[in-house]
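# Reading the structure
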Amino acid sequence: MGGKKKSVFGFSMLLLLSLGLVLSACSGGNNKEAAKNGNNGQATEENTTNGVEPFEISVFIGEAGQQPTPDNKIYKLIKEETGASFKFEFLAGDIDQKLGVMIAGGDYPDVMTANQKLTAAGAFIPLEDLIEEHAPNLKKHYEKYWNMMKDPNDGHIYNLPNYGVTNADVSSSWYSGPAFWIQKDVLAEAGYPEVKTLDQYFDLIKQYKEKHPTIDGTPTIGFEILNYDWRNWGLFNAPQHLIGHPNDGGVVVKDGKAEIFADKDYAKRYYQKLNEMNALGIIDKEAFTQNYDQYMAKISSGAVLGMFDQHWNFQDAENALITQKKDNRTYVGLPLVFDEGIKDHYKDRPALNLNNGFGITVNASEEQQVRIIKLLDTLIQEDWQKILSWGIEGEDYIVENGRFMKTQEQRDVFTDATWKLANKADAFFKHGPKTEGLFSDGNATDAAAQPEEMAAALREYDKNFLAQYGFNTYVDFFSPAPENDIAYPAWSVDLVDGSEAKMVNTKQNELSTKYLPKAILAKPEEFDSVWDEYVNEIRKLNIKAYEDRINEVLQWRKDTWSVK
């Protein structure tokens, strides 16, 4: 869906920029070495002197974030080498409200993080011709995934997925996906038990909270839940995992067919457990009124014993605990199931992160579109990927016998949020195209996946903790990921704004946001009546329209996608 291209702006200054300027914008040079020596990011005049004309790209990031420091060394390096600088705007408030205002006014920056609403509104330009003409490195990068990137509604490519393009099956010590997370100290104090089921998990949390009603002077929170804005999986998604299915969003896919699980008995079993835990004071009383920042602040305090979440979603809060040297308050992900006879399937193979990454908007002039795609084409090259991932050699990592490593000092600052604002280009790199797997020299694209660095980076606390379980990494708590179904995952299906499927999904989410907190907070003897009312309301919806849309796209993927 999408592709309603609006007229481009005719800014006179932009029209004066020649094709030669565009070509020079993404050229290489000797500035990288100068930047390493502290001369990066000098004034515009210097850029011009070096043959690189400056240009600015306005970027909207659809999530909260912090501005990099004005002297951020990576952004300075990018400007030195390519002329490009970024003007970031981060989401403040509700994403739907923000996008609604932008769409109504056609008020888009040059680049935005992907969102199905924007695609449906025609906010993004088709990228395939631009890539074919100006971006051979991007074309090569996405070559195997080209068909997957096409919008099933019109066959155009509107976004450049930020994750899922891999060139090797590299294991990592860092698991980014969903799990029931538990503070390491809870397991340590219990004698490092093997925890398989939901009941075992909450028994441990209950015992620990009773023994430790406060942590560092803050009341202990047994189990935290986030359901804010688009980050609703903390409340919605756990039931599918507890029966041994991977993350398919709001549906479970059985034998190739998707069906919702919100009204199923196994979902009731999970929320009734939360109701039971709430009655015991385990659930945070503010869970359903807090925003994301408040949720992160609580985790950063070290007072939260457990939650269901995706690791990347609370990583910054865990980094704050590491910076505070509260290693025992960091978390282990547990692939819980209802019963020990169920095999866990939390860990999956990397899937193309569809409907994510950057898109170029219709408000970018044609000249600017070319500059942007050429910049992205430059930054996907290996030397830039090393800089964006590992940093500057000698400053952020060292090379020993050809292998990338970090000193302890370099590791320590890597998790420091303040340091990162000045020394990492995370606002861009998180959402930009990236190489995952191995560089051509055999080094991992991610320090967490470099075996010797991974081992050396383990803190003494974690070495001892893992030794108690006989594991080498925290990923070992999960069963190995089986091969993905070709159409996986269902959560990335575009329901199409304004369609019956989208409206049904929205209404179902509204019902879940209304009734699930009500059911969890109800008196235990009133749970059944609240649940029955919730299920009755769901079944008034045209759920079939929602399921049909998902199944239609899953079938389209099976017929169209090919990864060889």
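Notes on the structure follow. Source: prediction; values computed, not measured.

## Thoughts on the pattern of salt bridges
This model, assessed by the stated rule, comprises 32 salt bridges. For the salt bridge of Glu194 with Lys196, the shortest nitrogen-to-oxygen distance reads 3.6 Å. Accessibility expressed as a relative area gives 62% for Glu194, which makes it exposed. Since its relative accessible area comes to 35%, Lys196 is described here as partly exposed. In this structure, the salt-bridge partner of Glu460 is Lys463, at a minimum N-O distance of 3.4 Å. Of the two residues, Glu460 and Lys463 are both situated in helix α24 (residues 460–469); the distance of three residues between them amounts to about one turn of the helix. On the basis of relative accessible area, Glu460 is assigned to the exposed category, the value being 59%.

## A closer look at the pairing of strand β4 (residues 178–183)
Burial runs high along β4: six of the six residues are buried. Burial of the side chains of β4 extends over both faces: Pro178, Phe180 and Ile182 are buried on one face and Ala179, Trp181 and Gln183 on the other. As judged from the five bridges shared by β4 and strand β9 (residues 306–310), these two strands associate in the antiparallel manner. From the neighbouring strand, Ala179 faces β9, where its bridge partner is Asp309. Of the strand pairs in this sheet, β4 and strand β10 (residues 331–334) are connected by four bridges, and their pairing is antiparallel. Note on β10: the bridge partner recorded for Phe180 is Leu334.

## A word on the packing of helix α15 (residues 265–279) against helix α26 (residues 527–538)
Contact geometry of α15 with α26 gives a least axis separation of 11 Å together with a crossing angle of 140°. Relative to α26, the element α15 lies oblique. Crossing handedness for the pair α15 and α26: right-handed. Note on element contacts: α26 touches α15 through Phe527, Asp528 and Trp531, opposite Ala267, Lys268, Tyr271, Gln272 and Asn275. The residue makeup of the contact of α15 with α26, split by class, is four nonpolar, two polar and two charged.

## Considerations on the environment of Ser499
With respect to the helices and strands, the residue Ser499 is situated in the loop between α24 and α25 (500–521). Spatially, the C-alpha atoms of Ser499 and Arg549 are 9.5 Å apart, while their sequence positions differ by 50 residues. At a separation of 2.6 Å, a polar atom in the side chain of Ser499 contacts the main-chain carbonyl oxygen of Leu495.

## What about the sheet that holds β4?
Spatially, the three strands line up as an open sheet ordered β9-β4-β10, and their pairing is antiparallel. With one partner strand each, in any of the chains shown, β9 and β10 form the two edges of the open sheet. Each strand axis lies, on average, 35° off the axis of its neighbour in the sheet, ignoring direction. Packing of helix α12 (residues 198–211) onto the sheet brings it into contact with β4, β9 and β10, and relative to β4 it is tilted by some 25°.

## Describing the nonpolar core
By size, the foremost hydrophobic cluster in this structure holds 85 residues, and its most contacted members are Phe180, Tyr201, Phe223, Tyr270 and Tyr271. With residues near it in sequence (within four places) discarded, Tyr270 still touches Phe180, Leu198, Phe223, Ala238, Pro239, Leu242, Phe308 and Phe338.

## Things to note about the sheet that holds strand β1 (residues 55–61)
Sheet architecture is open: four strands sit in the order β2-β1-β3-β11, paired in mixed fashion. Strands with a single pairing partner mark the edges of an open sheet, and in this sheet they are β2 (84–90) and β11 (358–360). Taken over all neighbouring pairs, the strand axes of this sheet differ in orientation by 25° on average, direction set aside. Bridge count between strand β3 (residues 111–113) and β11: three bridges; the pairing is antiparallel. Across the sheet, residue Val111 finds its bridge partner in β11, namely Ile360. Strands in contact with helix α6 (residues 95–105) are β1, β2 and β3; relative to β1, the strand with the most contacts, it is inclined by about 135°. Sheet contacts for helix α18 (residues 366–379): β1, β2, β3 and β11; angle to β1, the most-contacted strand, approximately 80°.

## So, the packing of aromatic side chains
Tallied over the entire structure, the rule returns 39 aromatic pairs. Ring plane angle 70° and centroid distance 6.0 Å describe the contact between Phe180 and Tyr270, whose orientation is recorded as edge-to-face. Placement of the pair is Phe180 in strand β4 and Tyr270 in helix α15, with a sequence separation of 90 residues. Here Phe180 falls in the buried class, since its relative accessible area comes to 0%. These aromatic residues form a ring-pair network of at least three members: Phe180, Tyr201, Phe202, Phe223, Tyr270, Tyr271, Phe308, Tyr515, Phe527, Trp531 and Tyr534. Sitting above the plane of the Tyr292 ring, Arg231 keeps its charged end 3.7 Å from the centroid. A cation over an aromatic ring shows up here: Lys420 above the ring of Phe414, its NZ or CZ 5.6 Å from the ring centre.

## Quick word on the environment of His311
Counting through the fold element by element, His311 comes out in helix α17 (residues 311–323). Once the C-alpha coordinates of His311 and Ala179 are considered, the two residues, 132 residues apart in sequence, prove to be 7.7 Å apart. In this structure, His311 is in contact with Trp174, Tyr175, Ser176, Gly177, Trp181 and Glu318, ignoring residues within four places of it in sequence.

## Quick look at α24
Regarding α24, the residues found buried are Asp462, Phe465, Leu466 and Tyr469. Angular distribution of buried residues about the axis of α24 spans 90°; they occupy a single face of the element. Of the residues in α24, the exposed ones pointing more than 90 degrees away from the buried face are Glu460 and Ala467. Residues of α24 that are buried sit in contact with α11 (184–189) and β10. Gly470 lies just past α24 and shows a positive phi near 75°.

## Let's talk about the environment of Glu453
Its location among the elements puts Glu453 in helix α23 (residues 451–457). We classify Glu453 as buried; its relative accessible area is 3%. When the C-alpha atoms of Glu453 and Lys406 are compared, they prove to be 7.0 Å apart, with 47 residues separating the residues in sequence. Look past the residues within four positions of Glu453 in its chain and what remains in contact with it is Trp390, Phe404, Met405, Lys406, Arg411 and Ala447. A distance of 2.7 Å separates a polar atom in the side chain of Glu453 from a polar atom in the side chain of Arg411.

The rules behind these values
- Residues numbered from 1 in each chain as written.
- Predicted model: local features only at pLDDT ≥ 70, side-chain atom pairs only at ≥ 80, totals over all residues.
- Heavy atoms only, no water.
- Salt bridge = Lys/Arg side-chain N within 4 Å of Asp/Glu carboxyl O.
- Buried < 20%, exposed > 50% of the residue type's maximum accessible area, 1.4 Å probe, protein only.
- Helix = DSSP H or I, 4+ residues; strand = E, 2+ residues; numbered from the N terminus.
- Pairing = 2+ DSSP bridges.
- Axes fitted to C-alpha atoms, helices over the stretch in contact; angles between N-to-C directions.
- Parallel < 35°, antiparallel > 145°, perpendicular 65-115°, else oblique.
- Left-handed = near helix turned anticlockwise from the far one by under 90°.
- Contact = heavy atoms within 4.5 Å.
- Nonpolar A, V, L, I, M, F, W, Y, C, P; charged D, E, K, R; others polar.
- Polar contact = N/O pair within 3.5 Å; in protein donor to acceptor, adjacent residues only side chain to side chain.
- Core = buried A, V, L, I, M, F, W, Y, C linked by side-chain atoms within 4.5 Å.
- Phe/Tyr/Trp six-rings, centres within 6.5 Å; stacked < 30°, edge-to-face > 60°.
- Lys NZ or Arg CZ within 6 Å of the ring centre and 35° of its normal.
- Arc of directions from axis to C-beta.

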